[in-house]
Amino acid sequence: MNYSEKVMDHFINPRNVGEIPDADGVGEVGNAKCGDIMKMYLKIEGNVITDCKFKTFGCGAAVATSSMATEMIKGRTIEEALQLTNKAVMEALDGLPPVKVHCSVLAEQAVKAALTDYYTRQGIDPEPIVGKVPEMEEE
Amino acid sequence: MEKRYIYADNAATTAVSDAVLEEMLPYFKEHYGNPSSIYALGRENERAIIDARARVAKCLGAQPNEIFFTAGGSESDNWAIKGTADRLAAKGKKHIITSVFEHHAVLHTCEFLEKHGFEITYLSVSPEGLIDPADVEKAIREDTALVTIMYANNEIGTVQPIAEIGAICKKHGVLFHTDAVQAVGHVDIDVKAQNIDMLSLSGHKFHAPKGIGALYVRRGIQLPNLIHGGGQESGKRAGTENVPGIIGLAKAIELATENISAKNDRIRPLRDKLIDGILQIDQTRLNGSREQRLATNINISIVGIEGESLLLMLDHYGIQASSGSACTSGSLDPSHVLLSLGLVHEVAHGSLRLSLGEDFTEEDADYILESMPKIVTYLRSMSPMWEKMQQEHIRLNADKTRLVKED
């Protein structure tokens, strides 16, 4: 697998790995059957994502894209985080092999899933704001 | 712990050995003649090929005129299977028996033939990764053209009962081909004693270069020509011979088939040490029979982590290995071999294959056993799958093929 140096760096030294016990929003996408699960934790104060952590079960690209996604939304507003696209994550990693593009999609979805959870907890219908995030497939 | 560099992917490919390279070198610049040419430079190379053919044949218990040089294992498999299918279809035989966990060179060739009107029986394998010869016998029909069963599995290293299958095929008058790419140099092969009609091998698996292989075809079997052209390889595979490759293959197979049992006796305890050591890690399983197994193969599933991540971390530690995970195969499904053992996807994704070389040492084994628990602990610490397994008490079931909730 021809990974860029940035992908390898984010795989070997992933940023923001872990959990946030009192997170304001938690999102999980992917499933074990397909070999990728990403779980994203957000701490939100006012309108700003003050902290962001992740856990990932998956390949090198899955770990690197989740790591990069957390870096790209930490300290940003919710609106900015909602603008995060898989393409932007890929570009920030200097590209991904074609078979790994879906990992960046998963990273984008993980952020959206966490924000969906955040709005749901606030009693706000998330769909008009976040859009539809694919449900996790259960066995 | 000092970092070591360990190549543990010898089932993928091997380095050309010094002895092989030395024997090949003169054939690049000094002895560059075309073996078909009339002058000495050509005649000498023709003789060298005749000699190499005899050397390869001897290592398999075959006759020289039964050995055809090819570009490798996949070509040999394609030729044997499609060639046999082509010949026997004319006699109304359009049924082939193979197994579900063959190499793709065999499986995809069979699938191709299926689209062209052939019927293929894909035998299932036991949970231990072994084919039951009785299943082969039951599957044989009036119109069976060929049985093709691999000698040793490339992922899990299980060695199939080839002599028994050969005897059954002989009894029923059905041709028997075996893909022995992973077996040559690891087990003693005698094509006559084992009733093998055709056998594929690949040089780069035993220290010859990439791009050279051979197909053994028992005398009397008429395979159609693979490449039309000049008279090379009895006119069956035309094209100017890969002289250095052929010379290298002959040397490599001689070295590989020398003292096989002594070499296996040295490496097997290291294999077992690695298997036992890695199985100490919680929620792991050995894939494939422990007894009917290549002395160099280790294949273990480690639940809660994904194979490619494991390989990248191992590489970071200096250990080169392979996996049957979907991510390393470029498809969405994990290895068909692991699935054929009855493993669910979740268990198959975290697989690791180590294939040891002759130079593998006790220190190498110790280093791998020191590194593995650290890597697994680290990857599990960031795995939501592992987290869920811990929280909900999900564990491997009794036969370790799937995950169940403990009561």
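Everything below is about the structure shown above.
Quick caveat: nothing in here was measured; it's all calculated off a predicted structure.

A.B. asks: So, helix α10 (residues 307–316) of chain B: which residues are in play, and what are the values?
C.D. replies: All names here are of chain B. Among the ten residues that make up α10, eight are buried, leaving the element largely enclosed by the rest of the structure. Gly307, Glu308, Ser309, Leu310, Leu311, Leu312, Met313 and Leu314 are the residues of α10 that are buried. Between the side-chain oxygen of the N-cap and the backbone nitrogen of Glu308 there are 2.9 Å, and the N-cap of α10 in question is Glu306. One or two residues past the end of α10 sits Gly318, with phi positive at roughly 95°.

A.B. asks: Which residues make up the sheet that holds strand β12 (residues 351–355) of chain B, and what values do they have?
C.D. replies: Residues and elements named next belong to chain B. Strand order in the open sheet made by the three strands is β9-β10-β12, with antiparallel pairing throughout. Each having just a single partner strand, β9 (284–286) and β12 make up the two edges of the open sheet. For this sheet the average axis-to-axis angle between neighbouring strands, irrespective of direction, equals 20°. Helix α9 (residues 260–279) contacts β9, β10 (297–302) and β12 of the sheet and is inclined by roughly 5° relative to β10.

A.B. asks: Describe in detail empty space enclosed by the protein, supporting the description with residues and values.
C.D. replies: Summed over all chains, the structure comprises one cavity of 30 Å³ or more. Its volume calculated, the largest cavity comes out at about 50 Å³. Around the largest cavity sit Thr56(A), Phe57(A), Gly58(A), Val63(A), Gly304(B), Ile305(B), Glu306(B), Ser309(B), Leu379(B), Met382(B) and Ser383(B), which together line it. Counted by class, the lining of the largest cavity contains five nonpolar, five polar and one charged residues.

A.B. asks: Go over the interface of chain B and chain A, please, and point to the residues and values.
C.D. replies: Counting residues at the interface gives 21 residues for chain B, matched by 28 residues for chain A. Carbon and sulfur atoms make up 63% of the surface buried where chain B meets chain A, a total of about 2100 Å² over both sides. Interface area lost by chain B to chain A is led by Met382(B), Pro384(B) and Glu387(B), which between them contribute 27%. For the pair chain B and chain A, the interface holds three salt bridges. Linking Glu387(B) and Lys39(A) is a salt bridge whose minimum nitrogen-to-oxygen distance equals 2.7 Å. Where chain B touches chain A, the interface holds ten residue pairs in polar contact (both at pLDDT 80 or more). Put simply, the parts of the chain that give the side of chain B that touches chain A at least two residues each are α10, α13 (345–348), α14 (362–381) and α15 (384–391) of chain B. Top element by residues in the side of chain B that touches chain A is α10(B). It accounts for five residues. Residue composition of the side of chain B that touches chain A, by class: eight nonpolar, eight polar and five charged.

Scoring rules and cut-offs
Residues numbered from 1 in each chain as written. Chains lettered and ligands numbered in written order. Predicted model: local features only at pLDDT ≥ 70, side-chain atom pairs only at ≥ 80, totals over all residues. Heavy atoms only, no water. Buried < 20%, exposed > 50% of the residue type's maximum accessible area, 1.4 Å probe, protein only. Helix = DSSP H or I, 4+ residues; strand = E, 2+ residues; numbered from the N terminus. Polar contact = N/O pair within 3.5 Å; in protein donor to acceptor, adjacent residues only side chain to side chain. Pairing = 2+ DSSP bridges. Axes fitted to C-alpha atoms, helices over the stretch in contact; angles between N-to-C directions. Contact = heavy atoms within 4.5 Å. 1 Å grid on protein atoms, 1.4 Å probe; cavity = no way out; pocket = protein on both sides within 12 Å on 5 of 7 lines; lining within 4 Å. Points joined across faces, edges and corners; volume = space filled by probe spheres on them. Nonpolar A, V, L, I, M, F, W, Y, C, P; charged D, E, K, R; others polar. Buried area = accessible area lost by both parts, 1.4 Å probe. Salt bridge = Lys/Arg side-chain N within 4 Å of Asp/Glu carboxyl O.

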